[in-house]
Amino acid sequence: MGYGKPQMTSLIVHSSLFLAFLTSLTHSANAEYRWRADSWSDCEKPYGTCGRGGTQRRNVWCEKSYPVQQSVPHSLCRNSGYDEPLQEQSCYKSCDSVGSYQVRWVVGRWSECQIELQGVDCAKNLGYQTRDVYCVYQITGDRTEDSVCASFNQGKPPTRQSCKYNCPQNCVVGEFSEWSSCDDCRFLNRSRTRDIIVPNNNRGKPCPAFSEMSPCSNCSDKYFLNFTPWSFCQVFPDPSNSRIPYNPYIGNQDRSFDCFNIRGQKEELSKCTGKFQPFSFRQSCIISQDCVLGPWQGLTTINQTCVSRNNVVKSGYLYQKRDVIQIPLGDGKPCGPLEEYIPIKSSQKINCPRTQWIMSDWSECKPIQGHQQCNTGIQDRYIFCVQIDQAGRQTPVEESECSPEKRPLSSRTCPTQCKTDCTVSIWSQWSQCKVTDCEMYARRRRNNKKTGQRYRTRATITEPAQGGQMCPHLSETQNCDPEPCYTWHVKQGVCIPQQSTCGVGISHQTVSCFNRNMTSVVDSRCSELKQQPPTQVQCVVSCADDCVLSEWTEWSECPRICQNNIFPRPTLKHRTRTILAKAAGQVSNCQATLREQGECPTVIECDTYTWQPEPWGPCLLDNPIKGCGRGERNRIVHCYSNLTSVSEVKCALEVKPPVKEVCTEPCPENCNVSTWSAWSECSATCTSANTLSNPSKSRRRYIEVHPKNGGVLCPSLLKEVKVCFDLPVCNQYQWNVTDWSECILHRKEKCGRGLKARNVTCLLNDGSVSPINNCLTSVGQMPVVAEPCYIACEDECLFTDWTPWSKCLQGCGSKRFRQRSSKIGSNPPPECSDMIKYPRYEPDICHCDLIKEELGGEFSQCILDPPKESSGLLRPISTSSKRDNPAPSKGEGKVCGWGQKIRYVACQSRSAAASIRRCSEAVSLEVKHCNIPCPNDCKMALWSEWSKCPSKCRPGIQKRSRYIEQLNSAGGRQCPSLDSTQTETQTRLCHPECSQYIWKAYEWSMCDSNSRTCGDGTQRRVVNCVIVNVNGDTTGITTEDNCAGQVKPHSEQQCRLACVGECVMSDWTEWTECPRPCSNGYQKQTRTRKIMRHASRYHPRCVETEDYRDCIKDINCVDYHWSWMPWTSCLINNGNEECGRGLQERFPMCRTHNEVDVDDRICTQIIGPPEHGKRTNDCEVPCDVDCLVSDWTEWSSCSQTCGIGESTRERVVVEQYTGNGRKCPSDLVQTKPCYPKGCYRWTISDWSPCMPQKNMCGAGIQTRNVSCLGDDGLPADPEKCPPDLDILVLKTEQKCEVLCPWDCVLTEWSEWSKCFVNCADFAIGATQGKTSRSRAIISQGLIPCNDKLWETKICPATDCTSFSWVASPWTNGKREVSCQTSDGLRVNKEACHGSVHPSSVLSCDPPCNGDHMVCNDTNTCGCEADFVALTDIMGQVVRCVEQNSTLSVGAQKKDSEEEIETNYWMYAVVAAGTLFIVFVALALYHMSDFFKNGPRPHGEPKEEKKSIGIESTDTATRLSRQGNENCNVCSQIPVPVETMVTTSNGRTEIRVADDSVSNKGES
């Protein structure tokens, strides 16, 4: 029984939830049905008639749109509350097609935005608007059926449209201001006000009061004078009465005043006048005269309305003005506008005249004076602004018409040619001596002449320029005797003994004639050159006892020693052989020749022949009549020998320079100038006798294309000046002022204050009257027409005016004086003689502190104006031509040296003491000398001599160096990068006429046998390291060190002299080369020998004829490779120049695998020539380019038209510095102060307060001053201010009114609030907001205020504004809660109506007294961190327990049994009510299902209903947590509160939501 109440409560809760769910389904089902209709059919009428009485039909159905769109019974739409559309309507069938003009649609105004959903305050884009649309006859306006208009193909305008149903917006106001003070008793009450932030809109709450008022208790005894306005100023009643002074400008006026208390009740006048001075109630006045203006003068067109290139319409204007005939006086009406600009409206789209910068072509590239780099020049061009009209014509205009930001550069750098010597490469190897014509070879051979040629060449690396050294000859030829064109080739057969097996025999040989291509030709070709060898020769086959000789060695090299043609001497070659076996006892058998000589086939002449070309001739044009274009030029090339011309046959034709080449003659370009600009305005609009020179106007034209290649020169006249002769004579105006009238008083007064007047007119120099504005603009302010005056009464003391102050003659601290004298009246009172009360003499101290110096800023930069003779466009910073030439150039003074700093000093004088010397003038110029140090460049020493070439046989590297003599200073060029020895080093390639070093092995000696007859012995030969010249000839012997890295041939070997009968073998051939690369033991060397004599039967047979050995690296195998040496330094002009385009060189070296340098021919022979690689490389040493800046521009006009301003000039960086060049100056813009003239301006003061005394109200007068002020802020002569008609005709006095305390008083309008758009609308793209301003009532007065208090206007919004509650920190259980905007502005609480108001007092009921319980901001109990709340059935926390713990309900019962009282009757009533609610809910559900789906068909299977229970919900919760056991973020999420679960046995447990605890009774 203790568990019944929680179980019943659970049932009630779930039943309620279920009922709410069913109700929501019912509502959503009803909201899903909508009527849908087709369009109307054509109007039909029986019997084919027309007119009224027709019928239109359409199909109407009910549609369900969710979840699937489908048609449903009509009853569902009828039950949803929507009206069913008509399915049939009457119509008018059109009779003809021309009557459509007889009827028309009448469209009403849209209604306010409404919404279909009931109970919804706002919805985005779900609102709708409706309007009335009906058909009427156009003539009568009578209404008719809609089908009549529709029948004439007039579509009916829509009667409904969607709209934005905005959310209601309450009025938002700011905080109240502080309370006003009651000290001055200005009003009946004190007040505080606030401003509007957002007005109410869309059914929002209206604005609260903008002010609060509280009575002032201390002002009950205050009284106020209330003045009536002055009466209209009237003329004197009798102008002809001579006893009363009269002037047409002066009249009389009166006023009255009464005394009132603060509540507006009239009091005795003495209560007010006893506290104030008596006030006048009648006075003289100036009779009102309205401003009189002349008629508008003729219209003047200012530009035409046109369309710019950006399709922006630029309006043109018509200008007109009118004269001022009479300025306003008194209360007269002020002047209207004196000038008027009328926009020109035109339907024609005329393109606006556009302007653009026009550039001439670049001038020729000129060297820069004083610039270091000879390869950098300067070009300039003209830049001018033109206006392009509709026809595309360009007319020069002022540069100010074009955009200064888009002005092109007028200067640029350009490349120029430096003085450069010709450089050439090294000579190539001599070509092979060869014959080009074998027929000629045969003829020359018969005539005993040289029959071939060889040549060598070199290439031009750098062409000569600007007078540099010319190139030497590039080829050399020598005549020689080459190998014959045709040679006999002999192939010898086997020697066949004539008797037995050995002895003398015959060998047959094959003889053939071959050319140099090894192609067989007829024998006659060879027979002409050499006798044909025999076809058989005698030979010997050695017998066992014969002497055996070795084979002949190879012929020795032929020395390539040149010979002259006078005494040719043949060169010889030789070969040898040795004895391999001696004859048996017959020494004569071994007496054969062991050495023989032969003639070398090739002979070279010593003379060399070179081609020498003459200069190119003129360019012969293809079209001579044209005078320019493509052509051809020729030159003569001669063959020379030692400066003597010889036959061309002597020089090789393969290397002959070309004698013809294509050329181009540039066509002449004539000078082209622009059209003349329009004539400028004349320098004056009129002439006068005071003009020093005749007014003139000018025009100019510009060079667009400079003449080139002999074209027509430019005209010398680029500017024309013309005198303006047709100008009118200047009019001179002056003010004509009459004498002052008598002092005129009010007609009822005899003494006191009055007015005196005079007549002021504007006269031309001929005495005629002119409109006032002519004098106002040319002379200045109009003299006053009337001024106050005073007539003393009989009992007054009369004195003259004070004289001006005397000068301060003794400077600061001295005195100045002024004085006056007494006027003798008719009856002066005795106190007039009192010198203390009425002094006649007054001193004053000269206050120098009233003089203020105002400096025109700091001193200017140091200004170095260029010399007058300087005409160069650009000026470089560098002033020397080379880094090592410190001599200053001619223009050194342009960038450094002595200059001036200037500033202007202006004085402000506030007293007559301004006569001190420093401020004797308004502005003085101060000058201070300054110095800009000249830069000193780094100075390097001269280069040392080149070192000797380290290589004797191949190209080598030479070096030279230099060091720093002087470091740079004052921004001079820096020193180059140095190595560790603090020197700068250069390298170059050297090519000595050197020789190669190779091992040379000579012939083997005879085998030296121990027995001297036969047997083993030793053979020796000479092996030397020899020097081989470039031609391959051995020229000497050197030390063996020079051949290091090469395999040295053996100088000794074992041998054997064969004995009689032994086998005789030939000598071994040289070992073959090991294959490369070397691989130890995997490759073999071989050598062979032949059997020279077979052994007898009694001796061993001959051994092997081949031998092998392993190739082992560093023993008998060496790998070779080509290695490219590093590039040399980049030398410019053979090292004679510092920078520019130059040449680098490198060469390949043959090296062993141990990186030992060896003869290059070894690599060429073994691995071939080096891979194709560049031996020379074009390079560039960037010049240390000094920064190049342009000349200073002319000083700009003063930034101020008056006063102290700034004038600027600038220069631009044409070329940035690079490397160690001088850096760009920081001062690319210079300013200096300027003072064109003093500044004077018109100043209009604010209107003065209306009746400045306290405790007065009613009508009054306000005045303002129009004064001319100087730049020191002090009044100045009005003639110094520029004429301004609008200011000069301003009224300086107007009527006003001071509100009395009993009147309605409003504040001034507040500032416009921030543009407001709520964030919901802003999120969907709304950017149109509203801004508001307000004013508040600060005194209600006797008559209620009915003035408008706030107003609003549309504005564009850039962000949205939101409202939220902002709470301060808790302090003693309390905090301040206010509504604020997103900008932090405090507003009224209605602005935050959509959110819950946080509590401002921390109070929980019942109190949170349990352990670890705390009172939350929501004034409900909660638990501390890491604790879980246990709640009762009402949701109140009863205990806080640690996480990860489970309590049974019994345990809870023990703690809460005293709080929960068992009541069976309550349980019964609750159970009965729950059952009733469930019954009603089920009934409604079935009814809803019937309405949705209609009657349920019989026999349909029932749906399985899923039970929704708390236990399943808990399971889902637990499952969702199981997947997050390893979630780091989950530890920061609060643990869910306990879950109440009903177990299978009916018991209830409260579980903490933790999966680690096993739940009792869970299956």
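Residues numbered from 1 in each chain as written. Predicted model: local features only at pLDDT ≥ 70, side-chain atom pairs only at ≥ 80, totals over all residues. Heavy atoms only, no water.

### A short note on the sheet that holds strand E74 (residues 1008-1009)
Put simply, the rule is: Any two strands are treated as partners once DSSP identifies two or more bridges connecting them. Secondary structure elements follow DSSP: runs of H or I no shorter than four residues count as helices, runs of E no shorter than two count as strands, and numbering proceeds from the N terminus.
Spatial ordering of the open sheet is given by E74-E75-E78, a layout of three strands whose pairing is antiparallel. At either margin of the open sheet sits one strand with a lone partner, and together these are E74 and strand E78 (1052-1057). Direction of pairing for E74 relative to strand E75 (residues 1015-1020): antiparallel, over a ladder of two bridges. For Asp-1008, the partnering residue across the bridge sits in E75 and is Thr-1018.

### Section: a nonpolar patch on the surface
Put simply, the rule is: Any residue with relative accessible area above 30% and no salt bridge may belong to a patch, with like charges joined within 9 Å and the nonpolar Val, Leu, Ile, Met, Phe, Trp and Tyr side chains within 5 Å. Accessible surface area values rest on a Shrake-Rupley calculation with a 1.4 Å probe, where residue burial reflects the displayed protein chains alone. Just to be clear on terms, a salt bridge is a Lys or Arg side-chain nitrogen sitting within 4 Å of an Asp or Glu carboxyl oxygen.
A surface patch of nonpolar side chains, about 390 Å² in accessible area, is lined by Phe-1476, Ile-1477, Phe-1479 and Val-1480. Here Val-1480 lies in helix H12 (residues 1464-1493).

### Here's the deal with the state of the cysteines
Where we set the bar: Pairs of cysteine sulfur atoms within 2.5 Å are what we label disulfides. Per-residue accessibility, obtained with a 1.4 Å probe over protein chains only, is compared with the maximum for each type, and a residue is labelled buried under 20%, exposed over 50%, and partly exposed between these values.
Following the criterion strictly, the structure yields 45 disulfides and no others. The disulfide partner of Cys-259 is Cys-272, and the S-S distance across this bridge is 1.9 Å. Across the S-S bond linking Cys-259 and Cys-272, the dihedral sits near 70 degrees, which makes this disulfide right-handed. Of the two residues, Cys-259 sits in strand E18 (residues 257-261) while Cys-272 sits in helix H4 (residues 270-273), which places them 13 residues apart along the sequence. Relative accessible area serves as the criterion here: at 1%, Cys-272 is assigned to the buried category. There is a disulfide in this structure between Cys-619 and Cys-663, and the S-S distance comes to 1.9 Å. In this structure the cystine formed by Cys-619 and Cys-663 twists about its S-S bond by roughly 90 degrees; its chirality is therefore right-handed. Of this pair, Cys-619 sits in the loop between strand E47 (610-613) and strand E48 (620-621) while Cys-663 sits in strand E52 (residues 660-665); the two residues are 44 residues apart in sequence, bridging distant segments of the chain. Overall, the relative accessible area of 9% leaves Cys-663 in the buried class.

### Notes on the confidence of the model for the chain
We count it as follows: Per-residue confidence from the predictor is reported as pLDDT, which spans 0 to 100. Two residues qualify as a contact provided that any one of their heavy atoms is within 4.5 Å of a heavy atom in the partner residue.
Per-residue pLDDT for the chain has a mean of 77; in total, 81% of the residues score no lower than 70. When mean pLDDT is taken per element in the chain, strand E49 (residues 629-634) scores highest with 93 and helix H13 (residues 1510-1522) scores lowest with 34. Per-residue pLDDT stays below 50 along residues 849-853; that stretch engages in 15 contacts with residues further than four places along the chain or on separate chains. pLDDT under 50 marks residues 867-893. Its contacts with residues more than four places away, or in other chains, come to 81 contacts.

### A look at the pairing of strand E25 (residues 316-321)
Sheet faces and side chains relate simply in a regular strand, where the side chains alternate between the two faces. Of the pairings in the sheet, the one linking strand E22 (residues 300-302) to E25 comprises three bridges and is antiparallel in character. Its bridge partner being in E25, Thr-301 is matched across the sheet by Leu-318. Inspection of the sheet shows E25 paired to strand E27 (residues 339-344) by six bridges, in the antiparallel sense. In the sheet register, Gln-320 faces E27, and the bridge partner there is Glu-340.

### Notes on the sheet that holds E27
Threshold: For helices, the axis comes from a line fit to the C-alpha atoms of the stretch in contact; other axes are also lines fit to C-alpha atoms, and the angle between any two N-to-C directions lies between 0 and 180 degrees.
Spatially, E22-E25-E27 is the arrangement adopted by the three strands of the open sheet, whose pairing is antiparallel. If you trace the sheet from one side to the other, it starts and ends with E22 and E27, each paired once. The average undirected angle you get between the axes of adjacent strands in this sheet is 30 degrees.

### Structural notes on the pairing of strand E9 (residues 133-137)
Direction of pairing for strand E6 (residues 103-107) relative to E9: antiparallel, over a ladder of five bridges. Within the sheet, the bridge partner assigned to Val-107 lies in E9 and is Val-133.

### Comments concerning the pattern of salt bridges
Inspection of every chain in the model, using the stated rule, returns 48 salt bridges. Note that Arg-57 is salt-bridged to Glu-88, the shortest N-O span being 3.2 Å. Taken together, the residues span a long stretch of sequence, with Arg-57 in strand E2 (residues 51-57) and Glu-88 in strand E5 (residues 88-93) at a distance of 31 residues. Residue Arg-57 is classed as partly exposed on the basis of its relative accessible area of 43%. Assessed through its relative accessible area of 46%, Glu-88 is described here as partly exposed. Between Glu-175 and Arg-1386 there is a salt bridge, with its nearest N and O atoms 3.7 Å apart. Placement of the pair is Glu-175 in the loop between strand E12 (172-173) and strand E13 (189-193) and Arg-1386 in strand E101 (residues 1386-1387), with a sequence separation of 1211 residues.

### Describing the nonpolar core
Heads up, the rule is: What makes a nonpolar core is a set of buried Ala, Val, Leu, Ile, Met, Phe, Trp, Tyr and Cys residues whose side-chain atoms join them at distances within 4.5 Å.
By size, the foremost hydrophobic cluster in this structure holds 29 residues, and its most contacted members are Trp-735, Leu-776, Met-782, Trp-1242 and Val-1289. Secondary structure elements with two or more residues in this core: strand E58 (752-757), strand E59 (760-764), helix H7 (772-778), strand E93 (1266-1270) and helix H9 (1285-1288). The contact partners of Val-1289, leaving out residues within four places of it in the chain, are Val-324, Ile-327, Pro-328, Cys-335, Leu-338 and Leu-776. One finds Cys-219, Phe-224, Phe-227 and Cys-1250 within the second-largest nonpolar core, a separate group that totals 21 residues.

### Some points on a negative patch on the surface
Where we set the bar: Charged residues are defined here as Lys and Arg on the positive side and Asp and Glu on the negative side; His and the ends of the chain fall outside this count. Throughout, a charge is located at the NZ atom of Lys, the CZ atom of Arg, the CG atom of Asp or the CD atom of Glu.
On the surface, Glu-794, Asp-795, Glu-831 and Asp-834 cluster together into a patch of negative charge. With respect to the element layout, Asp-795 can be found in the loop between strand E60 (786-791) and strand E61 (798-799). By relative accessible area, Asp-795 is classed as exposed at 57%.

### Remarks on the packing of aromatic side chains
Here is the rule we go by: Any two rings among Phe, Tyr and Trp, with Trp reduced to its six-membered ring, count as a pair given centres within 6.5 Å; such a pair is stacked if its planes are under 30 degrees apart, edge-to-face if over 60, and tilted if neither. A positively charged side chain is recorded as over a ring if its NZ (Lys) or CZ (Arg) lies within 6 Å of the ring centre. The angle to the ring normal must also be within 35 degrees.
Going through the model one piece at a time under the given rule, you end up with seven aromatic pairs. Between Phe-260 and Trp-1302, the ring centres sit 5.4 Å apart and the planes meet at 45 degrees, which makes this aromatic pair tilted. In this pair, Phe-260 sits in strand E18 while Trp-1302 sits in the loop between strand E94 (1293-1298) and strand E95 (1305-1306), placing the two residues 1042 residues apart along the sequence. The residues Phe-260 and Trp-1302 share a single accessibility class, namely buried. Seen in terms of ring centroids, Phe-1316 and Phe-1363 are 6.0 Å apart; in terms of plane orientation they differ by 35 degrees. Their pairing is tilted. With Phe-1316 in the loop between E95 and helix H10 (1319-1323) and Phe-1363 in strand E99 (residues 1363-1367), this pair connects stretches of sequence that are 47 residues apart. Each member of the pair, Phe-1316 as well as Phe-1363, carries the same accessibility label: buried. Of the aromatic side chains, those joined through ring pairs into one cluster are Phe-224, Phe-260 and Trp-1302. When the ring centre of Trp-1124 is taken as origin, the NZ or CZ atom of Arg-1146, which lies over that ring, is 4.3 Å away.

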